[in-house]
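Residue strings, one per chain:
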Amino acid sequence: MAIIWNIHFKHQFVKCPSVTNEQLSRFLNKWNIKLSEQEIHEIKQRQVNPFPKSSPYYDQYIPLNPVGWQLPQGQFPDSYLDFLKYSNGGEFQNGERYFQFFDTEDLRVMNLAYELPEYMPNADMLQILSLSYVQKHGNYMNSK
């Protein structure tokens, strides 16, 4: 049963077009594949010692090494996939809960930009999405 998303949001600040079948297929097949040499190179190039040379921590800085990074494996919840069919990315609010989420083209790029595999190496699919509203209220929304 598809969720009728537009009745669940008080504010829709940015509603994007729905994901196409082609976009969804590409996303599901590629968002969490092994990092490419180009991605590894770009991540390494961004590493900069945050400490000034005068800091006692300057010589202790070790840049991140993304070679062994892995993005979570698993399936996205049906509620997230339904949501992509409603809006592929966007910003919404219901009550005090405000969230924005990346579209299918940007989710991988942004997870790597935020160095998620380094700081959340065992993250599950829902943590990746950070769609606490969809997860927490999925049953409520499905029951209407």
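Structure: see above.
This text gives an overview of the structure that appears in the document. Worth saying up front: this structure is predicted, and the values here are computed from it rather than measured.

So, the pairing of strand β2 (residues 90-94)
- Pairing between strand β1 (residues 11-15) and β2: four bridges, direction antiparallel. By the bridge assignment for β2, Val 14 is matched with Glu 91.
- For β2 and strand β3 (residues 97-101), the ladder comprises five bridges, and the chain directions are antiparallel. Counterpart to Glu 91 in the pairing with β3 is Gln 100.
- Between the antiparallel neighbours β2 and β3 lie two residues, among them Gly 95 with a positive phi of about 65°.

Digging into the packing of helix α1 (residues 21-30) against helix α3 (residues 78-86)
- As a packed pair, α1 and α3 sit with axes 11 Å apart at the nearest point and diverge in direction by 140°. The two elements α1 and α3 cross, and the hand of that crossing is right-handed. Judged by residue contacts, Leu 24, Phe 27 and Leu 28 of α1 engage Tyr 80, Leu 81, Leu 84 and Lys 85 from α3.
- Of the residues that constitute the contact of α1 with α3, the class distribution is six nonpolar, no polar and one charged.

Things to note about the packing of aromatic side chains
- Throughout the structure, instances matching the rule amount to 17 aromatic pairs.
- Taking 5.3 Å as the distance between ring centres and 20° as the angle between the ring planes, the aromatic pair formed by Phe 27 and Phe 76 counts as stacked. Linking Phe 27 in helix α1 with Phe 76 in the loop between α2 (37-46) and α3, this pair joins segments that are 49 residues apart in sequence.
- Note on Phe 83 and Phe 101: the rings are 4.7 Å apart at their centroids and 50° apart in plane angle, and the pair reads as tilted. Of this pair, Phe 83 sits in helix α3 while Phe 101 sits in strand β3, placing them 18 residues apart in sequence.
- Through successive ring pairs, a cluster of aromatic residues spans Phe 9, Phe 83, Tyr 86, Phe 92, Phe 99 and Phe 101.
- Positioned above the aromatic ring of Tyr 86, the side-chain terminus of Lys 15 is 4.6 Å from the ring centre.

Thresholds applied
- Residues numbered from 1 in each chain as written.
- Predicted model: local features only at pLDDT ≥ 70, side-chain atom pairs only at ≥ 80, totals over all residues.
- Heavy atoms only, no water.
- Pairing = 2+ DSSP bridges.
- Helix = DSSP H or I, 4+ residues; strand = E, 2+ residues; numbered from the N terminus.
- Axes fitted to C-alpha atoms, helices over the stretch in contact; angles between N-to-C directions.
- Left-handed = near helix turned anticlockwise from the far one by under 90°.
- Contact = heavy atoms within 4.5 Å.
- Nonpolar A, V, L, I, M, F, W, Y, C, P; charged D, E, K, R; others polar.
- Phe/Tyr/Trp six-rings, centres within 6.5 Å; stacked < 30°, edge-to-face > 60°.
- Lys NZ or Arg CZ within 6 Å of the ring centre and 35° of its normal.

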